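Listed below are the residues making up each chain.
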Amino acid sequence: MKRTKMTRRARNNINGFLFALPWIIGFTCFSIYPLLASLYYSFSSFNAVTDPKWVGLANYQNILKDMLVWKSLKNTLFMAFVSTPINLCLAVCMAYIVNKSFRGKGAARTIFFMPSIIPVVASTMIWIWMFDPTYGMINTALHWFGIQGPAWLNNPQFTKWALLLMGSWNTGTTMLICLAALQDVPMSYYESAQLDGANAFQIFFRITLPNIAHILVYQAILNVINAFQYFTQVYVIITANSGVKNTTTSGGPANSILMYPLYIFYNAFSYMKMGKASAMAWLLFIIIAILTAIMVKVTRKTSEVAGSE
Amino acid sequence: MNNTTKSIQYYRIVRIIRKVLFYALVILLCTIFLSPFIVMVTTSLKTSADAFTIPVKVLPRKWVFTNYPAAFEQIPYMRYMRNTAVITICCVAGQLLITPLVGYSLAKIKWGGVRIISALLMATMMIPYTVTMVPIYRIWSKLGLTGTYAPLIIPSFFGNSFYIIMMRQFIMGIPDSLMEAATIDGCWELKKFTLIVLPLTKPALTTIGIYAFLGAWSDYLAPLIYINKPDRYTLSIGLQSFFNLYTIDWTALMAAATIFVLPVIILFIFFQRNFVEGVATTGLKA
C-alpha cells in the first residue's frame, strides 16, 4: 500500500515536470539566464561581434557621467508620475460612468476599451497626424474655440504633454479593471449610506473609493512599471520626424522625449555599447524593484485602513 | 398641496437636467475617444490636396478611394502583410500548444514544482524587457539566427507567463470528479489531459489565441531588433517606410493604417467577451 503511494507521488512529479517542461526551458533560456548574463555584461565591455571583457565598474561610472542618462531618467520619471494619476482618474471616472445603467452603456464601454487593443504603431501614427501643427485635428479643434494650438511634437515644452494625451487614450484596460472592482462593492454599503442621508460625493469618497483602493494601488504600480518601459511611441515619433529608420539616435526636440528605454536601445544597438546598455538596464531594474516594494507596502497599509473602517 | 406639486415638478426638472448633462458628458467622451478612428478613416478617404487645405474639414470635401491602391503601391504592402501573417500564425499556434500543458501541470497534477513555478510566473512578468534584451540578442546572434523569424516565433513555443496564469485559473475550475473516473480506469496523464481537460479549455484557448494574435500582430520591438532586410519586414516596421519619403503622404499612410488595424477591430467585435474576460480574470495587463 505504502509503496504504491510512493510510486504515485514519483509518477506525479515526473508527469508534472514533463508537462511544465516547455515553460521551464523557456524560463531558463529567456528569463533567468538573460537576467544573470545581463548582470555580468553590465561589468564588461563588448559589442555585437566581440566577446564581453571584464571592466569592473567602468560602465557604472560611465553612466554617472553621462548627462543624457540623467536627462532620460528625468523624462521617464516625469512620464511615470504624471501619467499615473491622470490615467487612474480618467479610468475611475469612465468606469463610474459605464457602471451606471443607461441606454447605450454597452456601446460606451466598447468605445472606451477599443483604443487599448489597437497596435501601438498604428495608434502612434494616427496621433502624429492629429498633432500636426497646421493640418492636424487637435489644433483644428482648438481653433474652433479660438485657441492657437502649439506645435505639439516639435516644441520641447509640449512634447511630453502630447505623449500624456496620447497615453490617456489607452486607459480602457484600467477602466475595465476598475469597473470589475466597482461591481464588487456590496450594494448593501450603498443602501445603508443612502439611508443615513449621505450625498453622492460622500458616497463616492467614503464608500466607493476606499473599497476599490487596493485595486487602484495595484494599477498604479503597473502604470509606473509600464511607463518605465515606454519605448515604441517615442521611437515611432522620432522616426517620423527624422525620416530614416534604424539610423536615428535622436531624442526628439531638445531630447525632451528621450526616454530611458530608448536610450538603452540606442546604446545597445546604435552605439554598440552593450555593456553600458546592460548597466543602464540593471539600474532601471533596481529602480522598478524599489518602487514596486514601496507601493506594495503602501497597498497593505491602505487596505488595512480600508478594512478597519 | 400646491407646494408639494411644485416641489415634485422642481425635482422632475432637476432630474431631467441631470440626465441631459450626463448624456452630454457620455457623448462628449465617446466623441473624443472615437476621434482618432474617425480621423484615420476620413483622412484615408481624402485627396492629398484636401487633407492639406485650411480650414481642415473632418469629412472629405471629395470622397476618394484611390489612397488604398496607392498604399499598396508605395510600399510592398502585401509582402509585409504576408510576413506578419506567417509570424502571427506560428506564434498563436505555439502558445495554444504549450499553454494548456503547463496550465494543466500547475492546476491538476500534485507535484513538487507547483508552488515555485507559480511564484516564478508572477516574478517573470516583473522583469523589464530592457534587462533581458541584450543577452537574448546575443543568444540568437550566436546561433546565427538574427535576421530570420526564429527570434520572433520560437519564444512562443515556450509559453508566456500571462497566458499560463490565465489557463491555470481556468483549469482549476474544472471539477476533479471529471478526471477521477479516468484515474480509476488507469488512464495515463497525457490521455487524461487530451481526452478530458483539453476539450474543456476551449473558451480559455480562444481568449489566449486572441491575445497571442494581438501581441504578434502588433509586435514592434522584436522585429525592430532582429529583422534588417526590407523584404522581411512586418507591417508594424514596414509602415514606417512612409517616413522615408521626403514628405509624408498622410492620406496613403492612413489608408495603410486602416487596413493594418482592421483585422484587430473585426476580431474585437466578434470576441469582445473574450477580451473583457482576459482582462477581468487575471486583473493584469498583457
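Residues numbered from 1 in each chain as written. Chains lettered and ligands numbered in written order. Predicted model: local features only at pLDDT ≥ 70, side-chain atom pairs only at ≥ 80, totals over all residues. Heavy atoms only, no water.

Peer 1: For this particular structure, what's the right way to read the overall build of chain B?
Peer 2: Counting its secondary structure elements, chain B contains 15 helices and zero strands. The C-alpha atoms of chain B give 26 Å as radius of gyration, which overshoots the globular expectation for 286 residues (19 Å, by more than 25%). Projected onto the principal axes, the alpha-carbon positions of chain B cover approximately 75 × 75 × 35 Å. For chain B, with 286 residues in total, the buried portion stands at 51%. When the accessible area of chain B is evaluated, it comes to approximately 14200 Å², of which 68% is carbon and sulfur surface. Charge centroids of chain B, computed over 24 positive and 10 negative side chains, lie 11 Å from each other. (Helix = DSSP H or I, 4+ residues; strand = E, 2+ residues; numbered from the N terminus. Rg over C-alpha atoms; globule rule 2.2 N^0.38 Å. Buried < 20%, exposed > 50% of the residue type's maximum accessible area, 1.4 Å probe, protein only. Areas by Shrake-Rupley, 256 points an atom, 1.4 Å probe, with all protein chains shown as cover. Lys, Arg positive; Asp, Glu negative; His and termini not counted. Charge placed at Lys NZ, Arg CZ, Asp CG, Glu CD.)

Peer 1: Would you take a moment to explain the overall build of chain A for this structure?
Peer 2: Within chain A one finds 13 helices and two strands. Relative to the globule expectation of 19 Å for 309 residues, the C-alpha radius of gyration of chain A, 25 Å, shows a markedly less compact shape. Dimensions along the principal axes, computed over C-alpha positions, put chain A at roughly 85 × 75 × 30 Å. The buried share of chain A, taken over its 309 residues, is 51%. Considering only contacts in chain A between residues 6 or more positions apart, those separated by 24 or more positions represent 65%. Summed over all atoms, the accessible surface of chain A reaches about 14800 Å², with 64% contributed by carbon and sulfur. Side-chain charges of chain A comprise 22 positive and 8 negative groups, with the mean position of each set lying 13 Å from the other. (Contact = heavy atoms within 4.5 Å.)

Peer 1: Mind showing me how you'd approach the pattern of salt bridges here?
Peer 2: When the charged atoms of two side chains with opposite charge come close together, those side chains can pair. Residues and elements named next belong to chain A. Scanning the model with the defined rule gives five salt bridges over all chains in all. Two residues, Asp66 and Lys276, come together in a salt bridge whose shortest N-O distance is 2.6 Å. Taken together, the positions of Asp66 in the loop between α2 (58-65) and α3 (67-99) and Lys276 in helix α13 (residues 274-308) put the pair 210 residues apart, joining distant regions of the chain. Take Asp66: its relative accessible area is 13%, and that puts it in the buried class. (Salt bridge = Lys/Arg side-chain N within 4 Å of Asp/Glu carboxyl O.)

Peer 1: Please clarify how the interface of chain A and chain B should be interpreted in this entry.
Peer 2: Interface size is often expressed as the accessible area that is lost when the parts come together. The interface of chain A with chain B comprises 95 residues on the first partner and 90 residues on the second. For the pair chain A and chain B, the summed buried area comes to about 8300 Å², and 80% of that belongs to carbon and sulfur atoms. When the area that chain A buries against chain B is broken down by residue, the three leading residues are Phe19, Trp23 and Trp129 of chain A, summing to 11%. The interface formed by chain A and chain B contains two salt bridges. The partner of Asp51 of chain A in a salt bridge is Arg138 of chain B, with the nearest N and O atoms 3.0 Å apart. Linking chain A to chain B there are twelve residue pairs in polar contact (both at pLDDT 80 or more). (Buried area = accessible area lost by both parts, 1.4 Å probe. Polar contact = N/O pair within 3.5 Å; in protein donor to acceptor, adjacent residues only side chain to side chain.)

Peer 1: Please explain the nonpolar core as it appears in this structure.
Peer 2: In a soluble, globular protein the nonpolar side chains are often hidden away together inside. Formed by 190 residues in total, the largest nonpolar core has its most connected members in Phe112, Leu163, Leu262 and Phe265 of chain A. In terms of residue count, the dominant contributor to this core is helix α14 (residues 250-270) of chain B (14 residues). Both domain 1 (2-41) and domain 2 (58-308) of chain A contribute no fewer than three residues apiece to this core. If sequence neighbours within four positions are ignored, Phe265 of chain A has contacts with Phe231, Tyr235 and Ser270 of chain A together with Met133, Leu221, Leu224 and Ile225 of chain B. (Core = buried A, V, L, I, M, F, W, Y, C linked by side-chain atoms within 4.5 Å. Domains from an automatic or database assignment.)

Peer 1: Just checking my understanding: could you explain empty space enclosed by the protein for this structure?
Peer 2: Over the atoms rolls a probe the size of a water molecule, and in doing so it shows where empty space is left. Enumeration over the complete set of coordinates arrives at two cavities of 30 Å³ or more. Lining the largest cavity are Trp129, Tyr135, Gly136 and Met137 of chain A together with Val39, Thr42, Thr43, Lys46, Ala51, Val56 and Val58 of chain B. Across the lining of the largest cavity, the residue classes tally to seven nonpolar, three polar and one charged. Taken as a whole, the second largest cavity holds about 50 Å³ of empty space. Surrounding the second largest cavity, Val120, Ser123, Thr124, Trp127, Met166, Gly167, Trp169, Asn170 and Gln233 of chain A form its lining. Of all the secondary-structure elements, those providing two or more residues to the lining of the second largest cavity are α5 (120-130) and α7 (159-168) of chain A. With four residues, the single largest contributor to the lining of the second largest cavity is α5 of chain A. Residue composition of the lining of the second largest cavity, by class: four nonpolar, five polar and no charged. (1 Å grid on protein atoms, 1.4 Å probe; cavity = no way out; pocket = protein on both sides within 12 Å on 5 of 7 lines; lining within 4 Å. Points joined across faces, edges and corners; volume = space filled by probe spheres on them. Nonpolar A, V, L, I, M, F, W, Y, C, P; charged D, E, K, R; others polar.)

Peer 1: I would appreciate a short explanation of the packing of aromatic side chains in the present structure.
Peer 2: Any two aromatic rings considered together are summarised by their centre-to-centre distance and by the angle between their planes. Overall, the coordinates contain 42 aromatic pairs over all chains when judged by the stated rule. Ring pairs connect the aromatic residues Phe231, Tyr235, Phe265 and Phe269 of chain A together with Tyr137, Tyr220 and Tyr226 of chain B, which therefore count as one cluster. Sitting above the plane of the Phe78 of chain A ring, Lys160 of chain A keeps its charged end 5.5 Å from the centroid. One cation-aromatic arrangement involves Arg232 of chain B over Tyr149 of chain B; the distance from NZ or CZ to the ring centre is 5.5 Å. (Phe/Tyr/Trp six-rings, centres within 6.5 Å; stacked < 30°, edge-to-face > 60°. Lys NZ or Arg CZ within 6 Å of the ring centre and 35° of its normal.)

Peer 1: Would you mind showing me how to read helix α8 (residues 161-172) of chain B here?
Peer 2: In an α-helix there are 3.6 residues to a turn, and that puts residues three or four apart on one side. Residue and element names in this part refer to chain B. Counted at 1.5 Å a residue, the expected span for α8 with its twelve residues is 16 Å, and the 16 Å between its end C-alpha atoms agrees. The buried fraction of α8 amounts to nine of the twelve residues, a majority that puts the element mostly inside the structure. Turning to α8, its buried residues are Ser161, Phe162, Tyr163, Ile164, Ile165, Met166, Met167, Arg168 and Ile171. Residue Asn160 occupies the N-cap position of α8, its side-chain oxygen lying 2.8 Å from the main-chain nitrogen of Phe162. (Expected span 1.5 Å × (residues − 1).)

Peer 1: Help me understand unusual backbone geometry in this model?
Peer 2: Peptide bonds are mostly trans, and most non-glycine residues show a negative phi. With an omega of 0 degrees, the peptide bond running from Ile54 of chain B to Pro55 of chain B counts as cis. Looking at the element boundaries, Pro55 of chain B is found in the loop between α2 (48-51) and α3 (67-74).

Peer 1: How should a positive patch on the surface be read in this particular structure?
Peer 2: Residues Arg103 of chain A together with Arg12, Arg15 and Lys19 of chain B make up a contiguous surface patch of positive charge. Topologically, Arg15 of chain B is positioned in helix α1 (residues 2-44). Looking at Arg15 of chain B, the relative accessible area reads 67%, which means it is exposed. (Patch = residues over 30% accessible without salt bridge, like charges linked within 9 Å, V, L, I, M, F, W, Y side chains within 5 Å.)

Peer 1: What is the right way to look at α14 of chain B in this model?
Peer 2: Taking 1.5 Å of rise per residue, the 21 residues of α14 of chain B would be expected to cover 30 Å, and the 30 Å separating its terminal C-alpha atoms lies within 8% of that figure. Counting buried positions along α14 of chain B yields 16 of 21 residues, so the element is predominantly enclosed.

By themselves, these figures tell us nothing about what the structure is for.
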